[in-house]
Each structure stands twice: as C-alpha cells, then as structure tokens.
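Topology and contacts: notes
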Amino acid sequence: MAKKEFKAESKRLLEMMVNSIYSQKEIFLRELISNASDAIDKMYYQALTDDSVTFDQDNFYIKVSTDKVNRTLTIADTGIGMTKDELEKNLGTIAESGSLAFKKENEIKDGHDIIGQFGVGFYSAFMVADSVKVISKAFGTDEAHQWESNGTDGYTIEPAEKDTTGTTIIIKLKENAEEENYDDFLEENQLKSIIKKYSDFIRYPIKMNVTVHQPKEDSEDNETEEVLEEQTVNSMVPIWRKNKSELTDEDYENFYQEKRYGFDKPLKHIHINVDGTIRYNAILFIPETMPFDYYSKEFEKGLELYSSGVLIMDKSPDLLPDYFSFVKGMVDSEDLSLNISREILQHDRQLKAIAKNIKSKIKSQLKSLLKEDREKYEKFYDSFGRQLKYGVYSDFGANKGDLQDLLMFYSSTEKKLVTLDEYVSRMPEDQKYIYYATGDSYDRIEKLPQTEMVADKGYEILFFTEDVDEFAIKMMREYKEKEFKNVSSGDLGLDTDDEKTDEDDKAAGENKELFEAMKDILGDKVTDVRISKRLKSHPVCLTTEGEVTIEMEKILQQMPDNQGVKADKVLEINPNHTVFQSLKDAQGADKDKLQVYTNLLYNQARLIEGLPVEDPVEFTNDMWKALG
C-alpha cells in the first residue's frame, strides 16, 4: 500500500504538535478519550434521529489496555466509527474536525455536548508514539479500514478486519529517553491517575483491566493471588451536574477531600448552575484554615477549569480576584472558546463573564455567613481577613466597595471583633470620626496615652494590630460618610469645654519659650513640641501630622526597598502632670537638665510607640543624670 503524504501545512502542524503545542505529554490520553466519547455521542444522536437504531447505554464504553511486551497502549471505543473516506478526511488533514462539523450540522444545543472542536487532539499521540494505528468500522457498513502513520513521513490506509462498530487506536510507544520514561504509559496506576485527573467525568464508562487481590483457591492459609479484573475507572457523573436537592453537606465535603483542595473541612460550599448567555456549573469552597504556603511564591491561586467535563486547566487564575484567592473549587462550561491545544482560552470574554458572576457569589456567601453564623465567619476571618484587607488596599482602593462590609476589627468597648457597620450604628450623634489606634497587640494599644481622651468621651476605638490595617483604611478614607481618624493624629475633632481650651491656650502661650527650647534640643527628630489636649494621666506622647503615621513608618522601613520614609512627629506634653513643672524649673535654672529631661521624655514616647531608642547608651546616661 503506497504511503500518502500529509499536506504541507498539516506536516508543519504535526511537527509543532509533537514539540510544543501541549504542555505535558500525558495530555494525549485526555485527547484520545475525548475523541472516543465524541464517537459514542454521535451514536446517541444517530439513535435520536433514526428509529431503527437503539441506544443501549450498557453497550457503549471506552476501553484502555496495554501490552508491555510489545510496548503498545490501546484506546478502543464502541462509537460510530469511520469509513475509509472519513479516515482520509479526519486523520489525513490535521485540523479537520469531524466533531465540530457534526456539531454544526446537527445544531446541538441540548447540553449533551460534543467535546472535540479542533481535530488536532488525535495527533497529540505522536508526542509519545513511534507509530499509531487506527482500525475503524463505521456504523451501517460491513467494511473496516486501518490508518497507520509513524509521524510526519505520511500515512497509509488499507482494508482491515474488525467485528464490531467503533474505533481502536493502537499506540506503539517510543523507547525511553534520558529525560522521558515512556514506560509510565504502560503502568496501570499511572494510566488510572491520568484518566481520573482529566477524564473522570466523561459520561461513558472508561474500562481497564485492574490488578486486584483475591483468595487463592484451595488455600488453607488465606493466601491471595493477583488477578486482572475489568473495572470502570471514571466517575462519569460529576457532582456539579447533580441536583442540589440530591446532595448533602457530606457529599460536598467528600468531593473537597477527593479533589485534595485542602486537608481541612470547608466552612461553606457554593454550588452554582447558570444557564444564560454563558452556561456553566461551579462548586466553590471557602476553607477553614490557611494553606501553609498561602503567602509564599509557591502558592498558586485559581479554580480547576473543565470544558464539558474534561479538565482543561488545573488552576485558572483569571476566575478569581486576588482578594478571594483562598477560594477552592472548579468551573465547568460548554461555552468556552479554547485554543488549538484546549489548554488556553482563545478569548477571555466568556471567562470574564464567569469570573464576574463568581466574584459576586463569593461576596454574597461571605456576607450571608457573617450574618447567619458569626462564629464560622470569625474562623474564616482569622485565617483570611488579612487577604480581604490587602484587597481593599490594592489597586488604589478600587475594590473597597466589594470588601468594606466584610472587614472586622477589635473594639475597645465591645472587647471583640466588630464590623464597620456595627461601629457606625453605635456612634453618638456628636461623634465626627471613626477612631482607631495602632499597635502590636490589643493590650498594648489599650495602654496607649493617646487613647485616653477619646475613651473618656465614651467613643469606641478600633484596634489595628496587622501591618496592612492602616494602609487599607487610608485607602478607604471613609465609611458611610464617616472619616477614619487615628487617635495619634493632630486634630481629633473632639469637642472640649471652652474653659479647658482657654487654659490650654494660655499654658501654650506662657510656655512658648520652653517648647521652642525643647524643639531646638530635639532638632529634626520632631516637627514640633506642644501642649497636649488629649493626655490625662500620662506625661508625654508622640503624635503625627500628615498622611504617614508612626505605625506606617515602622512598616515602610522594614521593607526591602526602604525609602527612608518618616512620619512628621510631634512631642506632646501634659501640662497637668508633675513632669511639666520639672521642665519649667529646669528651663530657668539648669539648661543641661532641660536637655536631659527633654531627651528622656522623647525616648520614653518612642518606647510607648514601639520605636527603638536611638542611642541606648545616651538614654541610660540621661536616666542616671536625672536621678542625680
């Protein structure tokens, strides 16, 4: 039989197919099984349009088998088969898709989708094959034919013997190479693993002879022997295509464990069925605990992406916004425009529409969890609250509308986590701002001198203990028309009685020279020294002017690209504390002592803020001088 040449463009495409189109060689099995499923689908449609044809589900399946001696892998189906002309047309010209043509001719819209679309998947076999034989007998004919090729050199077609309708593909595997072990595709466990990964939800049984242990006949010692048993290795009906009413929480949890989305138990699942302009099904999970590598470079966000039940991508990052990257799960759609390898989308319009809907569903479910099961939500927030705050901060606050109602912070008055909505709902009429304080821990913040006046007014203070907290709030600027205000900021907007204000103004005027002297001693360490209107029992504190706060300064200076950003610090002195009188006495009698006192107060204020003492030796000497 004379060998026929592939067309020039087909030959070039086949070379690309073998060398670069597919990212992993194991993909070939997914493609061949998908083609086999298409062939059975065509028999199904034949039965719908031809009363003489019966479609008995039990008679239609895909069989995968191996021959280790001859190094062959066989994929056989009981589908519609191909005539000689169809073998020539579909396999002799790469990118001629019998499935796509069939789909268009029959206007298939009932959800029983044909998988194949590009007619190139078959040639992925040449990534692992020295040669490929295709023996096929078409439905309604008595003849069978064999197509054979060893790659780009061409192919032959000749008559063959085959008793039943369908197609059998026999792959002669390449010899092992230094970096490639083609023997893997003869191993039972490896084949099962690939089928489960990519083709678990093909709607027809995928059968294999599987090794099992059974009791040995006439054995008195309970000995067992290995035998081969034909088993169906795919699940066929995916959980996401079942009615929600049929499924229990346990079913979803089992699916979560089977797919190895995590070792924890999911807090909540979201089952989505959309049958609109873009049709898709999805099952999403909100985990309870954070993956150990969540904030590392190794962590990959994304959902599993299926097209008609066939796995296309392990992780599709475009389906989730970064701030919801903790969500696990899968999406299956029949409407995706896939590229030649089916590994990447040709157009992202469909994906964007799905992603937009998924984002909305996740947000809605988190709000529902917060409202209906506070304890569960707080578990979730303990693991992933930081990620929501990063979401508010990133993209210049573009996502704050999606996330602000999901945020929680520890409350000074409630002694627990509260939402911003709950805070605002409790605000007295005369309260102008949402007050917050920053620090390493709740205990430390509670002892800050700057909180005294705000707390004394009976106002609630939110405690920020994570590095991202204040950055996120700065990006939000306000919530429900109420601005955020750090208790360490210059103007707290507190209404004080006129008499007290007059006293403070008088003290500031009378002690102007003292404060100027202290400012000269501290130099550029502070922008000003002034009377404090916020301190009650503490002698001193640091406050800030401008956008950069002390806590932000600490965080920014820890970053690798530290730009030396500093907060504009103000040293505030409590005029009602005994220390103030000591400062006044020193100003008139002992300039050196004033310098010692000033440096001590400044360093004490730094320690209160969690800032390091700039010169520990000088600080220690100043303490001794003050005592002396």
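Structure first, text after, so check above.
Here we summarise the structure given alongside this text. The numbers attached to residues start from 1 for each chain and follow its sequence in the written order. Local features are withheld for residues below a pLDDT of 70 in this predicted model, meaning they are given only at 70 or higher, and side-chain atom pairs are given and counted only at 80 or more; totals for whole chains, interfaces and linings count all residues. Each side-chain value is worked out from all heavy atoms of the structure, with water and hydrogens disregarded.

So, on to the environment of Phe 299. Relative to the helices and strands, Phe 299 is located in the loop between strand E10 (279-286) and strand E11 (303-307). When the C-alpha positions of Phe 299 and Glu 513 are compared, they lie 59 Å apart, and in sequence the two are 214 residues distant. In this structure Phe 299 touches Pro 291, Asp 293, Tyr 294, Ser 325 and Lys 328, once residues within four positions along its chain are discounted. Under the scheme used here, helices are H or I runs from DSSP no shorter than 4 residues and strands are E runs no shorter than 2 residues, and both carry numbers assigned from the N terminus. Contacts are assigned to residue pairs that have any heavy atoms within 4.5 Å of one another.

So, on to helix H7 (residues 349-372). To estimate how far a helix should extend, the number of its residues minus one is multiplied by 1.5 Å. If you check H7, its first and last C-alpha atoms are 35 Å apart, about what 24 residues at 1.5 Å a residue would give, namely 34 Å. Here the term buried applies to any residue with accessible area under 20% of the maximum for its type, exposed to any over 50%, and partly exposed to those in between, with areas from a 1.4 Å probe on protein chains only. Turning to H7, its buried residues are Gln 350, Leu 351, Ile 354, Ala 355, Ile 358, Ile 362, Leu 366, Ser 368, Leu 369 and Leu 370.

Another point: the nonpolar core. If you look at soluble globular proteins, the nonpolar side chains tend to sit buried side by side. For the purposes of this section, nonpolar cores are sets of buried Ala, Val, Leu, Ile, Met, Phe, Trp, Tyr and Cys residues that join through side-chain atoms within 4.5 Å. In this structure, Ile 358, Tyr 377, Phe 380, Leu 388 and Tyr 435 are the most contacted members of the largest nonpolar core, which totals 68 residues. Top contributing element to this core by residue count: H7, with seven residues. With sequence-adjacent residues up to four places away left out, Phe 380 is seen in contact with Leu 267, Ile 286, Phe 326, Leu 366, Gly 385 and Leu 388. In terms of nonpolar packing, the next biggest core, distinct from the first, is built from 64 residues, Leu 32, Leu 73, Tyr 256 and Ile 283 among them.

Quick look at the sheet that holds strand E16 (residues 434-438) now. A sheet is described by the order of its strands in space; here six strands give the open sequence E15-E14-E17-E16-E19-E18, paired in mixed fashion. Bordering the open sheet on either side are strand E15 (417-419) and strand E18 (478-479), each of which pairs with just one other strand. Two strands are said to pair when DSSP picks up at least two bridges between them. As paired elements, E16 and strand E19 (residues 482-486) share three bridges and run parallel to each other. Its bridge partner lying in E19, Ile 434 is registered against Phe 484. To obtain an axis, a line is fitted to C-alpha atoms, over the contacting stretch when the element is a helix, and the angle between two such axes runs from 0 to 180 degrees between their N-to-C directions. Contacting strand E14 (408-411) and E15, helix H8 (residues 374-393) runs over the sheet at an angle of about 110 degrees to E14.

Turning next to helix H13 (residues 469-476). Judged by how many residues are buried, H13 sits mostly within the fold: six of eight residues are covered. Within the span of H13, buried status applies to Asp 469, Glu 470, Phe 471, Ala 472, Ile 473 and Met 476. Looking at the residues trailing H13, positive phi occurs at Arg 477, about 70 degrees.

Moving on, we come to the sheet that holds E11. Overall, mixed pairing links the five strands, which are arranged E9-E10-E13-E11-E12 in an open sheet. One side of each edge strand has no neighbouring strand; the edge strands of this open sheet are strand E9 (268-275) and strand E12 (310-316). The average angle at which neighbouring strand axes cross in this sheet is 15 degrees, direction not considered.

We now examine the pattern of salt bridges. Any carboxyl oxygen of Asp or Glu that lies within 4 Å of a side-chain nitrogen of Lys or Arg is treated as forming a salt bridge with it. Taken as a whole and judged by the stated rule, the model has 41 salt bridges. For the salt bridge of Arg 241 with Asp 332, the shortest nitrogen-to-oxygen distance reads 3.1 Å. Linking Arg 241 in the loop between strand E8 (224-232) and helix H6 (249-258) with Asp 332 in strand E13 (residues 328-333), this pair joins segments that are 91 residues apart in sequence. With its nearest N and O atoms 3.3 Å apart, the salt bridge here joins Glu 378 to Arg 374. Residue Glu 378 and its partner Arg 374 are located together in helix H8, separated by four residues, close to a single helical turn. By relative accessible area, which is 28% here, Glu 378 ends up partly exposed. What you see here is one network of salt bridges that share partners, running through Arg 386, Lys 389, Glu 466, Asp 467 and Asp 469.

In this section: the packing of helix H15 (residues 512-522) against helix H18 (residues 591-608). H18 packs onto H15 with a crossing angle of 70 degrees between their chain directions and a minimal axis gap of 10 Å. Our classification of the angle between H15 and H18 gives roughly perpendicular. Contacts from Leu 514, Ala 517, Met 518, Ile 521 and Leu 522 of H15 reach H18 at Leu 594, Gln 595, Thr 598, Asn 599 and Tyr 602. In these notes the angle categories are as follows: under 35 degrees is roughly parallel, over 145 is roughly antiparallel, 65 to 115 is roughly perpendicular, and the rest is oblique.

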